[in-house]
Amino acid sequence: MMKKKSMSASKASLVFFLCQMISALDVPLDSKLLEELSQPPTITQQSPKDYIIDPRENIVIQCEAKGKPPPSFSWTRNGTHFDIDKDAQVTMKPNSGTLVINIMNGGKAEAYEGVYQCTARNERGAAISNNIVIRPSRSPLWTKEKLEPNQVREGDSLVLHCRPPVGLPPPIIFWMDNAFQRLPQSERVSQGLNGDLYFSNVQPEDTREDYICYARFNHTQTIQQKQPISVKVFSTKPVTERQPILLTPTGSTSTKVELRGNVLLLECIAAGLPTPVIRWIKEGGELPANRTFFENFKKTLKIIDVSEADSGNYKCIARNILGSAHHVISVTVKAAPYWITAPRNLVLSPGEDGTLICRANGNPKPSISWLANGVPIAIAPEDPSRKVDGDTIIFSHVQERSSAVYQCNASNEYGYLLANAFVNVLAEPPRILTPANKLYQVIADSPALLDCAYFGSPKPEIEWFRGVKGSILRGNEYVFHDNGTLEIPVAQKDSTGTYTCVARNELGKVQNEVQLEVKDPTMIIKQPEYKVIQRYGQVSFECIIKHDSTLLPTVIWLKDNDELPEDERFLVGKDNLTIMNVTDKDDGTYTCIVNTSLDSVSASAVLTVVAAPPTPAIIYARPNPPFDLELTGQLERSVELSWIPGDENNSPITNFVIEYEDGLHEPGVWHYQTEVPGTQTTVELKLSPYVNYSFRVIAVNEIGRSQPSEPSEQYLTKSASPDENPSNVKGTGSEPDNLVITWESLKGFQSNGPGLQYKVSWRQKDVDDEWTSVIVANVSKYIVSGTPTFVPYEIKVQALNDLGYAPEPSEVIGHSGEDLPMVAPGNVQVHVINSTLAKVHWDPVPLKTVRGHLQGYKVYYWKVQSLSRRSRRHVEKKILTFRGNKTFGMLPGLEPYSSYKLNVRVVNGKGEGPASPDKVFKTPEGVPSSPSFLKITNPTLDSLTLEWGSPTHPNGVLISYILKFQPINNTHELGPLVEIRIPANESSLILKNLNYSTRYKFYFNAQTSVGSGSQITEEAVTIMDEVQPLYPRIRNVTTAAAETYANISWEYEGPDHANIYVEYGVAGSKEDWKKEIVNGSRSFFVLKGLTPGTAYKVRVGAEGLSGFRSSEDVFETGPAMASRQVDIATQGWFIGLMCAVALLILILLIVCFIRRNKGGKYPVKEKEDAHADPEIQPMKEDDGTFGEYSDAEDHKPLKKGSRTPSDRTVKKEDSDDSLVDYGEGVNGQFNEDGSFIGQYSGKKEKEPAEGNESSEAPSPVNAMNSFV
C-alpha cells in the first residue's frame, strides 16, 4: 500500500515538474552562427529499410549526416563491425558515410546480402541509421513442366494455373497469346490476385492453344514466359445451367490480416452458368465511402488506407438465376508502429531542464526502448542529469557534458520506428546578429520595425534605448517582440534618430545601434480629371506631386491598367500626359502612378472620345394624343364623335383609330371600333342597342401610335330585340338514342336588351313531321332524348329577349347518335404479290348497317407461324386502317415463308363492327438474310479456317452457301475471284493451298430456291514463317434501321486510339460519301436525319491506316409500321370459346373424312378444284402441291438475332416494295394511335419479285471500284 502511494506521489511531482519546464532555445538560421556553434550529428539521408538492389549494378547504401565538428562514419553488418578497408570492392564517399560496393568489376551481389547500419559520430554524440536490409532482386526461370491439354465440357468452370517462380520482389502477372496480345477478360473470364486465369464457365470460343502466362520482374526489367496451355472445349447439348460455387476462396469462411495504412484486397471468383454476378457487403456496417473501389469486374474489393475501424466480416455473394453462394472473410487490421509524438532536438543552457518525449501507437501496442549514442541506455555511461520514465527522458540541471544523441525505438511484430534526437548543452555569451548601424526608413504615420536578432545560452534579455546613452524605452507607444524587434506603431517625424539594443546574460553583454529616418509621404496635389474630347483633337492630363526631398520619385502612366501604346502621339512630360490627334481607340482610363523606395500613390481619369458635333437634326417622334373629345347627334343606332389632334412631332398623322368600352357588359375592356384618315377629326359611329358606350382616339404616324386620348362621356343606347341569331349551330349524338344540339352564344352587346334566351327547334328530315321547339336560358347546348339511331335532323336556333325575337334563323342538318356497325365485310380474298407484300379485297357493307358515319375499314393481320419453324409464337396483331369506302388494301412488311391470318372490320364514329371470318394465307420463300457471322481463325502459311452462323432469317429452306474470295496486294488491288458452293448443313470450312503472307477478301452469302441473300464480307491474312502481328481490321458491320435513324455497330481489331469514322450515302447514288467521326473508342454510332423508305450504303474506316475500311453494308430505312394492338385473343374466355369451336371443327373433319373414304367428295375441296386460282393458292415450287395442304415442309427453328431493324421496317433485301408505292399521295397518314392509314392506289402494282439481284456477290471490277 505504501509502495502504491509513493508511485502516485512520484507521478504527481513529475507532472508538476513538466509544467514548470523552461522552454528549449531556438537557434536562429544564421549561417555564420551555425558554423560557429557545436552540434551533435544528425542523419540527413539514408537508404530505405528494405533495400532491394539490381544484382547487375553497383550497390550504393546511402548515409549522410551533419554536425559540428563534422562527424565521422562507421558501419555494422549483421550486427558486427564492417571493416571496409579490408574489402577492395567497398569504398566510402569522401566527407560522407555512403558506401559504394563495386559489383560491375567482378563482385557478386549475393555476397553482400545482409543487414547494415550506419553510425555518425563527433565529440557531442553519435547518431545511427535504420537497419538497412540489402537483398538482390531475383528473376528465376520457370521450372519446366509437362502441361497436358485441358479438355473441358462447354459450360463447366476452368482454372489455368500460372504458378510463377518466386522472385524478389514478386513479379507482375499477365496472360497473353502467341501474338503478344492480351487475352480479353470479362465477368466470365478474369485473372485472380494469385495470377491464375479463372473461367466461370467455358464457351466454344475459349478453345485455343496459346494461353500463355507471363511474369514481369520490374527490378531486372525481364519477362519470363510459361509454356503455352491448350484448352479444348467440347459441346454437349443441351448445356446444363449451374448455380454458383466459389472457385476462390474455398470453404465458407476465411481470415485476412492487413496493416494500417495499406491497401486491403479481398477477392471472390465464382463458377456458374449463367455467369454469376459478385456483390460485396460488410456485416454489421457499411463499406467506407470514398475509400472503397471495385476491380476485376467487382470480383475484387479494394479499400485504401485501411484503419482499425475497417476490421470486421466482409461477405461476397455470387448470384445467378439459379441461386447464390457466399463466403465470409474475417478481416483484422493490425498496425506497425506509427508516431504520436516523435522526439525533437533540445538546445539547452547549462543548469536548464528539458524533456525528450517518444510516443508511438500500433496494434499490438509497440514497446519503447531508448539508446544513448547508439548504445542501449541501460548500459550507457551514467548521466546524473537524466531520468528515464517510460516514453519520456527528463533532464534536470544539465551541464555541457550532458550533450548526446538519443535514439527512440518503437517496435512490435509488424515493424519498428527509430528516431534520433540530440540534447545540445551550450554555454554562449550574447550575440547580436543584426548588422551595426543599420538604417531603417519609413513614411510618417506608418509603423517602424527595428530588428535586434540575437542568440545566447542562457537566453539573453533584450532592452532598447533611445540614443547612445538615453533612458530605457517603456510604455504603450512601443511594442517589444520576443525575437528582439522594437515596433513603433505610428512613427512621426520626431521619431527619427539612433536606437540602441542591449542583450545580456550571465556570460556577458553586447549592444548594437540602428538608425531610423521618418520621411514625408508622397502626394498627388493635382490629379488628372475626366475629359471629353472630339475626335482628332488634343488632350492633356495633369499629375503634379509633392514628395520628401530625400526620396527620388518615378512617374508611370498606364492606359486601362496596361502600358501606354508605343505611339509618338503620346507625350509624357514631367507632370503631365499629352495625347495628340485623338482617335476612337484612345478612349479609356488613364492612371498616373508615383513610386518611391518607400511608398506609392496613384490617380485615374477617364477619357471619352466623341465625334465632332453635327448639324442639329430634326427630331421625329410619335404624335401627342388627341384631346377634347365630344359626342353630338345622339340617335338610337348612331352618334357623332369629334376631337382635336395633338402635336404631330414632325411626322404627319396618317390616321386615327377609334376604340370603345362597353361599361355595361365589359367594363375596362377597350375594343376596336373603326379608323379614319389623319385629315379627318369627326366621324359618325354605328351603335348597338343596350350598350353603355365610351370612346377614345389614338393618333398614328410613321413613327408609331400615340397614347390613347382621355375617354369621352358615356352614352347608353336603348334596348331592342336581337338583330342576329347564334352561329355555328350543330347537331350530333353522344348516345345512340339522343341528339345534342350546340351553338355559340351571342356576346353581351349582341343581346340588344335584357332577358336573352334561345328558341331551339328540330324535326326529322325527309319525314312529314312538325317542328318541336323549346325555349332555353342563355346556354349553348340542348339534348334531345329518345331519337332513332343515326337519322338526319333539321335544326335551327333563334335568339330572343324581353323586347322580342331575332329574325328567322337558317336551318342546319345534324344526325342523332351513332351505334356500332352491325355486319362484317364479306368475300374477303387475299392475293399474295411477293414474299413480303399481299393485297386484300373485300365487299363493302351496306350503308344502312354501318349505323353511323363510315370512317373506313380496318384490316387485322398476324403471323401464325414461320413455315421453317414448327413452334408457334405469341400472336401479335397488326392493324392497317383504310379511309373511306375502300374495298382493297396492301399489306406490307410480311415475313417470307410464313403463315398468316387476317380479318376485316368496318369502322364508324362509334367504333368497329364485327370481324369477318379469319382468312389464312401464306407467303412464298424469299432470299435469306446475310449469315449471322463470319469468323476467320487459325491462320497458317497456306490455309485459313472459316466459321459462320446460319442466317437469322432464312426466309425459306437453305440449299447452299456461296463463298467467293480473292487476294489483295499491297496496293489494294484485287486478284482473281474464286467461287465455292458449300452445302447448307455445313458451318465451317478449311481453305487450303493459299499463298503465304497474303491478304484475302471473302464474300459469303446463303441461298434458297428463290435466290441468294445479302452477303457478309471479311478479310484475313495467311501468316509468314514467323509470328506476325495481326493486321488491323474492322469486321461484322451490322445495321439496325428505323424511320429516320440507324444504329451502326462493328468489331475493331488493331492499334489502340485509332480514329474511327463512319461513311454513308444513298445506295446506287454517285454522290460523295458523307463522313461522321466517332468519339472515343466506341464500337457503335447512330446516323440521324435519314430519309424514310430509302436504301443506304455504309462502311466503317480508321484514320491513320492508309486506305483501311470495312466492307460495305446496305440497309433501308422503313416507313412507319402499323400499330400493334393486343386483341381479345389473349383473354381466357375467348381462348375457351376458340377451343370449343376447334373441337366442333375437328368432329366435322372426321365426319367428312369418313364420307370421303366411302366415295363422297369433300365440299370445300370441290369448290377449290372448281375455282383454282394460282394467285390465291400459292404452290410449292419443289413438288407443285398447294402449300395449304402440304405437311412435308422442313420446319427448322430460326436462330436468334437479326439484322432487321427493331421497329420491324421492311429492308431492301427482303422486299422491293415500299409503303410509299401504295399509299395515298406521297406521304402516308397515321391515326392518333399510330396505326397506318393507307389507300394503296395511284401506282401500278408490282410484279412478284424473282429474287434479289442486288444481294449477289460483286464482280471483281465492282469490288475494285468499291474498295478504297
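Residues numbered from 1 in each chain as written. Predicted model: local features only at pLDDT ≥ 70, side-chain atom pairs only at ≥ 80, totals over all residues. Heavy atoms only, no water.

A. Highlighting the overall build of the chain. Helix and strand counts for the chain come out as 7 helices and 94 strands. The burial tally for the chain puts 44% of its 1268 residues in the buried class. In the chain, the share of contacts with a sequence separation of at least 24, taken over all contacts with a separation of at least 6, comes to 66%. Carbon together with sulfur atoms contributes 51% to the accessible area of the chain, which is approximately 67,100 Å² in total. (Helix = DSSP H or I, 4+ residues; strand = E, 2+ residues; numbered from the N terminus. Buried < 20%, exposed > 50% of the residue type's maximum accessible area, 1.4 Å probe, protein only. Contact = heavy atoms within 4.5 Å. Areas by Shrake-Rupley, 256 points an atom, 1.4 Å probe, with all protein chains shown as cover.)

B. Just the pattern of salt bridges, in detail. On inspection of all chains with the given rule, the structure shows 37 salt bridges. Residues arginine 153 and aspartate 156 are paired through a salt bridge, measuring 3.4 Å at the closest nitrogen-oxygen approach. Exposure remark for arginine 153: the relative accessible area of 40% places this residue in the partly exposed category. According to the relative accessible area criterion, aspartate 156 is partly exposed, its value standing at 21%. Of the charged contacts in the structure, one is a salt bridge between lysine 964 and glutamate 979, with a shortest N-O distance of 3.9 Å. In this pair, lysine 964 is assigned in strand S81 (residues 960-968) and glutamate 979 in strand S82 (residues 978-983), connecting sequence segments 15 residues apart. Of the residues examined, lysine 964 reaches a relative accessible area of 12% and is grouped as buried. (Salt bridge = Lys/Arg side-chain N within 4 Å of Asp/Glu carboxyl O.)

C. Spotlight on the confidence of the model for the chain. Here the chain averages 83 in pLDDT, while 85% of its residues score no lower than 70. Contacts of residues 1026-1030 to residues separated by more than four positions or lying in other chains number 2 contacts, the stretch itself having pLDDT below 50. Ignoring residues within four places in sequence, the model shows residues 1120-1127, a span with pLDDT below 50, making 31 contacts including any to other chains. (pLDDT = per-residue confidence, 0-100.)

D. Spotlight on the pairing of strand S86 (residues 1033-1041). The element S86 is largely enclosed, with a buried count of 7 among its 9 residues. Taken together, the 7 bridges between S86 and strand S87 (residues 1045-1053) define a ladder with antiparallel strand orientation. Counterpart to threonine 1038 in the pairing with S87 is serine 1049. Between S86 and S87, which pair antiparallel one after the other, the connecting turn spans 3 residues. (Pairing = 2+ DSSP bridges.)

E. Examining the state of the cysteines more closely. For the structure shown, the criterion picks out 6 disulfides. Across the disulfide, cysteine 358 is cross-linked to cysteine 408 (sulfur-sulfur distance 1.7 Å). The S-S bond linking cysteine 358 to cysteine 408 shows a torsion near -65 degrees; that makes this disulfide left-handed. In this pair, cysteine 358 sits in the loop between strand S30 (354-357) and strand S31 (359-363) while cysteine 408 sits in strand S36 (residues 404-412), placing the two residues 50 residues apart along the sequence. (Disulfide = S-S within 2.5 Å.)

F. Up close: the sheet that holds strand S8 (residues 99-101). Strand order across the open sheet formed by 3 strands is S3-S8-S7, with antiparallel pairing between neighbours. Edge positions in the sheet fall to strand S3 (59-61) and strand S7 (90-92), since each has one partner strand and no second. The average undirected angle you get between the axes of adjacent strands in this sheet is 20 degrees. Judged from the 3 bridges that link them, S3 and S8 form a sheet pairing that is antiparallel. The residue bridging isoleucine 59 from the neighbouring strand is isoleucine 101, located in S8. (Axes fitted to C-alpha atoms, helices over the stretch in contact; angles between N-to-C directions.)

G. Representation of the environment of glycine 949. The topology assignment puts glycine 949 in strand S80 (residues 944-951). Spatially, the C-alpha atoms of glycine 949 and proline 931 are 5.6 Å apart, while their sequence positions differ by 18 residues.

H. Seen up close, the nonpolar core. Of all hydrophobic cores here, the largest spans 30 residues; its most connected members are Ile59, Ile61, Trp75, Ile101 and Tyr116. Within the residue set of this core, elements represented by two or more residues are strand S2 (50-53), S3, strand S4 (63-68), strand S5 (72-77), S8, strand S9 (114-122) and strand S11 (132-136). Among the elements that take part in this core, S9 stands out by supplying 3 residues, more than any other. When residues no more than four places from it in sequence are discounted, the contact partners of isoleucine 59 are Ile53, Leu99, Val100, Ile101, Ile103, Ala109 and Tyr112. Counting residues in hydrophobic clusters, the runner-up holds 20 residues, among them Ala838, Phe882, Leu891 and Leu902. (Core = buried A, V, L, I, M, F, W, Y, C linked by side-chain atoms within 4.5 Å.)

I. The packing of aromatic side chains, seen in detail. Taken as a whole, this structure holds 21 aromatic pairs when the rule is applied. Between the aromatic rings of tyrosine 693 and phenylalanine 695, the centroid separation amounts to 5.5 Å while the plane-to-plane angle is 5 degrees, which identifies the pairing as stacked. Like tyrosine 693, the residue phenylalanine 695 is buried in the burial classification. Plain terms: the ring middles of tyrosine 1064 and tyrosine 1096 are 6.5 Å apart, the flat faces sit at 55 degrees to each other, and that makes the pair tilted. Residue tyrosine 1064 is located in strand S88 (residues 1059-1066), and its partner tyrosine 1096 is located in strand S91 (residues 1095-1103); the two are separated by 32 residues in the primary sequence. When its relative accessible area of 9% is taken as the criterion, tyrosine 1064 is described as buried. Three or more aromatic residues joined by ring pairs make a cluster, and in this case those are Phe174, Phe180 and Tyr214. Against the face of tryptophan 771 rests lysine 796, its NZ or CZ located 4.4 Å from the ring centre. Cation over ring: lysine 877 sits above tryptophan 862, and NZ or CZ is 4.2 Å from the ring centre. (Phe/Tyr/Trp six-rings, centres within 6.5 Å; stacked < 30°, edge-to-face > 60°. Lys NZ or Arg CZ within 6 Å of the ring centre and 35° of its normal.)

J. Focus on the sheet that holds strand S16 (residues 197-199). Pairing is antiparallel in the open sheet, where 3 strands are placed in the order S13-S16-S15. Of all strands in the sheet, those bounded by a partner on one side alone are strand S13 (158-160) and strand S15 (189-191). Averaged over neighbouring strand pairs, the angle between their axes works out to 15 degrees when direction is ignored. Where S13 and S16 come together, 3 bridges link them in antiparallel fashion. In the strand pairing of S16, leucine 160 is matched with leucine 197.

K. Structural context of the pairing of strand S79 (residues 931-937). Pairing geometry for S79 and S80, over 6 bridges, is antiparallel. Counted as the bridge partner of isoleucine 936 is leucine 946 from S80.

L. A look at the environment of isoleucine 698. By secondary structure assignment, the location of isoleucine 698 is in strand S62 (residues 692-700). Note: C-alpha distance between isoleucine 698 and isoleucine 658 (40 residues apart in sequence) is 6.6 Å.

M. The arrangement of the environment of proline 967 in detail. If you trace the backbone, proline 967 turns up in strand S81. Exposure remark for proline 967: the relative accessible area of 21% places this residue in the partly exposed category. Counting along the chain gives 10 residues from proline 967 to leucine 977, while the straight-line C-alpha distance between them is 8.0 Å. Other than its neighbours up to four places away in sequence, proline 967 contacts Glu973, Leu974, Gly975, Pro976, Thr998, Arg999 and Tyr1000.

N. Inspection of unusual backbone geometry at higher detail. With an omega of 5 degrees, the peptide bond running from lysine 68 to proline 69 counts as cis. By secondary structure assignment, the location of proline 69 is in the loop between S4 and S5. A positive phi angle, close to 70 degrees, is found at asparagine 290, a residue other than glycine. Position of asparagine 290 relative to the elements: it lies in the loop between strand S24 (277-282) and strand S25 (292-295). You will see that aspartate 766, though not glycine, has its phi angle at about 60 degrees, which is positive.

O. Representation of the side chain of aspartate 586 within the structure. Along the chain, the position of aspartate 586 falls in the loop between strand S54 (576-579) and strand S55 (588-595). Among the polar contacts listed, one links the side chain of aspartate 586 to the side chain of arginine 569, at a separation of 2.9 Å. (Polar contact = N/O pair within 3.5 Å; in protein donor to acceptor, adjacent residues only side chain to side chain.)

P. A look at the side chain of glutamate 895. Structurally, the position occupied by glutamate 895 is in the loop between strand S76 (888-891) and strand S77 (898-908). A polar contact is formed between the side chain of glutamate 895 and the side chain of lysine 863, at a distance of 2.4 Å.

Q. Main features of a nonpolar patch on the surface. Residues Leu1143, Leu1144, Leu1146, Ile1147, Ile1150, Val1151, Phe1153 and Ile1154 make up a contiguous nonpolar surface patch of about 770 Å² in total accessible area. Relative to the helices and strands, isoleucine 1147 resides in helix H4 (residues 1132-1157). (Patch = residues over 30% accessible without salt bridge, like charges linked within 9 Å, V, L, I, M, F, W, Y side chains within 5 Å.)

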